[in-house]
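Chain and residue survey
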Amino acid sequence: MEPTTTNSRQQVDRQSRILDAVLELLSRHGISGVNMRAVAREAGVALGLVNYYYADKQSLIRAVLSRISESDLRLVAPNPEATPDEQLRDALRRVAAPDILTTQYLSLRLHLWALAQADEEFAAINAEAFDQYLDGLAALIGEAKPGLSPEQRKDRAADIVVIQNGMWLTSLLGIDKSSIERSILRTEDIAFAD
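This write-up is about the structure you can find in this document. If you're wondering where the values come from, they're calculated on a predicted model, not measured in any experiment.

1. Thoughts on the packing of aromatic side chains
- Applying the stated criterion across every chain yields a total of 4 aromatic pairs.
- Between the aromatic rings of Tyr-52 and Tyr-53, the centroid separation amounts to 5.0 Å while the plane-to-plane angle is 75°, which identifies the pairing as edge-to-face.
- Relative to Trp-168, the ring of Trp-113 has its centre 6.5 Å away and its plane inclined at 20°; by these criteria the two rings are stacked. One end of the pair, Trp-113, is in helix 6 (residues 103-118); the other, Trp-168, is in helix 8 (residues 150-171), with 55 residues separating them in the sequence.
- Judged by relative accessible area, which is 25%, Trp-113 ranks as partly exposed.

If you want it as structure tokens, here you go:
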């Protein structure tokens, strides 16, 4: 293996560990629990390394928001090997995957939503990510239901997101799996309605 490949891989691994630490701290303590020293301790790296990759707390949060946005886009990413109906159903079910319906993940989401309300820059990043997710979901709806206008696709996607967010919030309360399944079925009803 070439040294540059090893160095690049190590750099990505370190940055990933740092961002994982930020996500962990955010989910446990909110924004007040995130500072450069705490991130370094949680990631198991030197403080200087955190400062090398990220200039300040703001840049750490921006990087985490970017990572969450990429994760959200994967939820609605098309799968060319599946039919349009299968792609849409898969996307609607991905939001209720076991790794998403965890207290840690949902707590993180709540903290990020609150953060977006408190900071204009983070609100803009969050809004852009939301629009991209909505566009991705609307595109899947359009592929499965080609007769819908762009506005109808977007409206359906927005209605689905309301249910998905409600499902996330209520799952924190320990709602049973049958309730989650009914919520998913409701999103399918909205997506596939004639």
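2. Side note on the pattern of salt bridges
- What the rule picks out here adds up to 11 salt bridges.
- Arg-62 is paired through a salt bridge with Glu-121; the nearest N and O atoms lie 2.9 Å apart. Placement of the pair is Arg-62 in helix 4 (residues 57-75) and Glu-121 in helix 7 (residues 120-144), with a sequence separation of 59 residues.
- Its relative accessible area of 32% is what places Glu-121 among the partly exposed residues.
- Here Arg-93 and Glu-188 are joined by a salt bridge, their closest N and O atoms 3.4 Å apart. With Arg-93 in helix 5 (residues 84-94) and Glu-188 in helix 9 (residues 177-192), the pair connects residues that are 95 residues apart, well separated along the chain.
- Given a relative accessible area of 33%, Arg-93 falls into the partly exposed group.
- Overall, the relative accessible area of 9% leaves Glu-188 in the buried class.
- Taken together, the salt bridges that share partners define one network made up of Arg-89, Arg-93, Glu-181 and Glu-188.

So, how was this worked out
- Residues take numbers from 1 onward in each chain, read along the sequence in its written order.
- Local features in a predicted model are, by the rule used here, given only for residues with pLDDT of at least 70; side-chain atom pairs are given and counted only at 80 or more, and totals for whole chains, interfaces and linings are based on all residues.
- To get the side-chain values, all heavy atoms of the structure are used, and hydrogens and water are removed first.
- Here is the rule: rings of Phe, Tyr and Trp (six-membered ring for Trp) pair when centre to centre is within 6.5 Å. Planes less than 30 degrees apart are stacked, more than 60 are edge-to-face, and the remainder are tilted.
- A run of DSSP states H or I qualifies as a helix once it reaches four residues; a run of E qualifies as a strand once it reaches two. Both are numbered from the N-terminal end.
- Buried, partly exposed and exposed residues are distinguished by accessible area as a fraction of the type maximum, computed with a 1.4 Å probe on protein chains only: under 20%, between the cut-offs, and over 50%, respectively.
- Between Lys or Arg on one side and Asp or Glu on the other, a salt bridge is scored when a side-chain nitrogen of the former is within 4 Å of a carboxyl oxygen of the latter.

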